[in-house]
Amino acid sequence: MTDVAAELIPYDDAVARYEPVIGLETHVELGTVTKMFCGCPTAFGAEPNSAVCPVCLGLPGSLPVASRIAIEYTIRIGLALNCSIASWCRFARKNYFYPDMPKDFQISQYDEPLCTDGWLDVTVDETVVRVGIERVHLEEDTGKSLHIGGATGRIHGADYSLVDYNRAGIPLVEVVTKPVPGTGANAPMVARAYVTELRDLLRALGVSDVRMEEGSLRCDVNTSIAPRGSGMWGTRTETKNVNSLRSVERAVRFEIERQAAVLDAGGRVIQETRHFQEATGTTTAGRSKEEAQDYRYFPEPDLVPVAPSAEWVEQIRASLPELPAARRTRLQREWGLSDLNMAALQNAGALDLVAETVAAGAAPDQARNLWLGELSRRANETGTDLAALAVTPAQVARVSELVASGALNAKLARQVLDGVLAGEGSPDEIVEARGLAVVSDDGALLAAIDEAIAANPEVADTIRSGKTAAAGVLIGAVMKATRGQADAGRARELILRRVTENA
Ligand SMILES: [Zn+2]
């Protein structure tokens, strides 16, 4: 028995007896305007085979020229990941035949990557894990095959296949981690936290649109396990093209459960690529890697070496934006939040939303309360992300201002947000149209207060006897009479005064 175990080992049992080691290889499509070795546009969704030229079609006699901006982007990524930048390195030719690769080789980097030996810190369960970065290298993407006529969209059973070379030659960066041991039961979360942090970093650097669902960020997840305390590392599997953050976590988790079952049954884990099945959360066997493929790498003879000057690298370093980790530290300090509150904000996906709301004029506490309170509740109810709600940070900031100025109370603020989410317009338009404004006009309040006192004479007596907390009953009555629009603080003052006046 070597592969599929009939039963999985329950996760907690598996990680109690086996220690996982993970590793991640992330492919990042760079957001350059042109391809890696020619001037063809990289725009998504063009007519098939319309963004091609002799270079990216691999026609005889054409010569590639490396994109300076793609090299600069790769150096940016390397510097942000604390890597060393090679002062001299070469592209390599990776030889293999594939129909969507018109040259029959891919220009990549092999033993001379542009960036090496860095790290990225991620936090899981308030513990910082330093993920080592092995290398960051630059290569070109392949084209795309479309298999027509089959039921599955795969080549098996298809009547014929079409190839679109628009993607061939689009610059790709591959970020490869070192193996990450010692994460124990947290391994799946660490994998997810790493990809999340890397995505945020790449977005901050402005080098890619990092859309996992569109394939501009693709992840291969390596997982191995070995008996706890054995001091050994197990044989790893490589799960390919995992296309969401959640799937990264699920893929690691599943592989741990599956490999534990294989080892428990006396089998051995095969070194192979596996495919993640989104629908079931499982992985299935792909190509075995037991016999290493020989790609006959050699230095690409059509390209000059890449030799970024120290001055250029320092210029790029000086131009790096504030990175996500530094930004979080700064915001936490500015907003006066505890580590726990900051983690809650981040886990809810609300950090950027709150930052934008504060930038639009809201007080940090107010912005945080609205996004983590009322708006999180709405997002949960409708099963959407906070960021996908039909309300902008500027609108939330305006609601927050209206609350701070006393024009709205919490209840009215919720009604205004209702209106915004229902597409009724801006907060001010909704306040106007729905007649939502706090009544703090003494005349209007006193009429409601007198009615409340008349209807509850015994409560008035209780207040007169010194138990001012009883005023809450009368405030409730006033709120009801004004349909929630009374200024509760002002109503309380007036009730206490009125009760003693009428003694
Ligand atoms: Zn081209």
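Report on the accompanying structure. (Residues numbered from 1 in each chain as written. Predicted model: local features only at pLDDT ≥ 70, side-chain atom pairs only at ≥ 80, totals over all residues. Heavy atoms only, no water.)

What to know about the overall build of the protein chain
Moving on, step 1. A tally of helices and strands in the protein chain yields 16 helices and 14 strands.
Moving on, step 2. For the protein chain, whose C-alpha radius of gyration is 30 Å, the value lies well above the compact-globule estimate of 23 Å for 503 residues.
Moving on, step 3. Viewed in the frame of its principal axes, the protein chain has a C-alpha envelope of about 100 × 55 × 50 Å.
Moving on, step 4. Classification of the 503 residues of the protein chain by burial places 46% in the buried group.
Moving on, step 5. Roughly 24200 Å² of accessible area belongs to the protein chain as shown, and the carbon and sulfur atoms make up 52% of that amount.
Moving on, step 6. For the protein chain, the separation between the mean place of its 51 positive charges and that of its 68 negative charges on side chains is 2 Å. (Helix = DSSP H or I, 4+ residues; strand = E, 2+ residues; numbered from the N terminus. Rg over C-alpha atoms; globule rule 2.2 N^0.38 Å. Buried < 20%, exposed > 50% of the residue type's maximum accessible area, 1.4 Å probe, protein only. Areas by Shrake-Rupley, 256 points an atom, 1.4 Å probe, with all protein chains shown as cover. Lys, Arg positive; Asp, Glu negative; His and termini not counted. Charge placed at Lys NZ, Arg CZ, Asp CG, Glu CD.)

A few points about the coordination of the zinc ion
Moving on, step 1. Only Cys38 (SG), Cys40 (SG), Cys53 (SG) and Cys56 (SG) from the protein coordinate the zinc ion, and they sit 2.3 to 2.4 Å from it.
Moving on, step 2. Coordination at the zinc ion is tetrahedral, judged from the 4 donor atoms that bind it and the angles of 100 to 115 degrees they form at the metal.
Moving on, step 3. Along the chain, the residues donating to the zinc ion are arranged with the sequence spacing C-x1-C-x12-C-x2-C. Each member of the pair, cysteine 53 as well as cysteine 56, carries the same accessibility label: buried. (Donors = N, O, S within 2.8 Å, 3.2 Å for Na, K, Ca; no water. Tetrahedral: all angles 85-135°; square planar, octahedral: opposite > 155°, others 65-115°.)

Quick look at helix H4 (residues 245-264)
Every α-helical turn comprises 3.6 residues, leaving residues that sit three or four positions apart pointing alike.
Moving on, step 1. If you check H4, its first and last C-alpha atoms are 29 Å apart, about what 20 residues at 1.5 Å a residue would give, namely 28 Å.
Moving on, step 2. Extensive coverage of H4 is indicated by the burial of 15 of its 20 residues.
Moving on, step 3. In the segment just after H4, glycine 266 is the residue with positive phi, at about 85 degrees. (Expected span 1.5 Å × (residues − 1).)

Focus: helix H10 (residues 393-404)
Moving on, step 1. A rise of 1.5 Å per residue sets the reference length of H10, with its 12 residues, at 16 Å; its end C-alpha atoms lie 16 Å apart and thus fit the reference within 8%.
Moving on, step 2. Burial in H10 covers these residues: Pro393, Gln395, Val396, Ala397, Val399, Ser400 and Leu402.
Moving on, step 3. Looking at the buried side of H10, the elements it contacts are helix H8 (351-359), helix H9 (364-382), helix H11 (410-421) and helix H12 (427-434).
Moving on, step 4. Within two residues after H10, glycine 406 carries a phi angle of roughly 85 degrees, on the positive side. (Contact = heavy atoms within 4.5 Å.)

A word on the nonpolar core
Moving on, step 1. Membership of the largest hydrophobic core comes to 75 residues, with the highest contact counts inside it found for Ile75, Ile77, Leu81, Val136, Val175, Tyr194 and Val195.
Moving on, step 2. If sequence neighbours within four positions are ignored, valine 136 has contacts with Thr74, Ile77, Leu81, Cys83, Pro113, Leu114, Cys115, Val173, Glu174 and Val175.
Moving on, step 3. In terms of nonpolar packing, the next biggest core, distinct from the first, is built from 33 residues, Trp371, Ala379, Val399 and Leu408 among them. (Core = buried A, V, L, I, M, F, W, Y, C linked by side-chain atoms within 4.5 Å.)

Topic: the packing of aromatic side chains
Moving on, step 1. Counted under the stated rule, the structure contains 5 aromatic pairs.
Moving on, step 2. On the basis of an interplanar angle of 5 degrees and a centroid distance of 3.7 Å, the ring pair of tyrosine 110 and tyrosine 297 is categorised as stacked. A residue pair is termed long-range when its members are at least 10 positions apart, and tyrosine 110 in the loop between strand S4 (105-108) and strand S5 (115-124) and tyrosine 297 in the loop between strand S13 (282-288) and strand S14 (298-299) qualify at 187 residues.
Moving on, step 3. The class of tyrosine 110 is partly exposed, set by a relative accessible area of 40%.
Moving on, step 4. You can call tyrosine 297 partly exposed: its relative accessible area is 26%. (Phe/Tyr/Trp six-rings, centres within 6.5 Å; stacked < 30°, edge-to-face > 60°.)

Details of the sheet that holds strand S3 (residues 92-95)
Moving on, step 1. Strand order in the open sheet formed by 3 strands is S4-S3-S14, with antiparallel pairing between adjacent strands. Because the sheet does not close on itself, it has two edges, and the strands there are S4 and S14.
Moving on, step 2. Both S3 and S14 contribute to a ladder of 2 bridges, which runs antiparallel. Its bridge partner lying in S14, arginine 93 is registered against phenylalanine 298. (Pairing = 2+ DSSP bridges.)

A look at the environment of glutamate 7
Moving on, step 1. Along the chain, glutamate 7 turns up in the segment before helix H1 (11-17).
Moving on, step 2. Since its relative accessible area comes to 60%, glutamate 7 is described here as exposed.
Moving on, step 3. It is 9.1 Å that separates the C-alpha atoms of glutamate 7 and valine 262, two residues lying 255 residues apart in sequence.

What about the side chain of glutamate 238?
Moving on, step 1. Structurally, the position occupied by glutamate 238 is in strand S11 (residues 237-242).
Moving on, step 2. Residue glutamate 238 is classed as buried on the basis of its relative accessible area of 5%.
Moving on, step 3. Polar contacts involving the side chain of glutamate 238 include one to the side chain of lysine 240, which spans 3.4 Å. (Polar contact = N/O pair within 3.5 Å; in protein donor to acceptor, adjacent residues only side chain to side chain.)

Digging into the sheet that holds S11
Within a sheet, each strand pairs with its neighbour through backbone hydrogen bonds, oriented either parallel or antiparallel.
Moving on, step 1. Reading across from one edge, S2-S5-S6-S9-S1-S10-S11-S12-S13 is the order of the 9 strands in this open sheet, with mixed pairing throughout. Single-partner strands in this sheet number two, and they are strand S2 (84-85) and S13.
Moving on, step 2. Sheet topology note: the strand S12 (residues 272-277)/S13 ladder contains 5 bridges and is antiparallel. Residue pairing across strands places histidine 275 opposite threonine 284, the latter belonging to S13.
Moving on, step 3. Across the sheet, helix H3 (residues 187-205) touches strand S1 (18-29), S5, strand S6 (127-140), strand S9 (171-177) and strand S10 (217-227), and the angle it forms with S5 is around 115 degrees. (Axes fitted to C-alpha atoms, helices over the stretch in contact; angles between N-to-C directions.)

As for the packing of H8 against H9
Moving on, step 1. At a closest axis distance of 9 Å, the pairing of H8 and H9 adopts a crossing angle of 135 degrees. Comparing the axis directions of H8 and H9 gives the class oblique. In this structure, H8 crosses over H9, and the sense of that crossing is right-handed. Residues Leu353, Val354, Thr357 and Val358 of H8 form the contact with H9, whose participating residues are Pro364, Ala367, Arg368 and Trp371.
Moving on, step 2. Class assignment of the residues belonging to the contact of H8 with H9 gives a composition of 6 nonpolar, 1 polar and 1 charged. (Parallel < 35°, antiparallel > 145°, perpendicular 65-115°, else oblique. Left-handed = near helix turned anticlockwise from the far one by under 90°. Nonpolar A, V, L, I, M, F, W, Y, C, P; charged D, E, K, R; others polar.)

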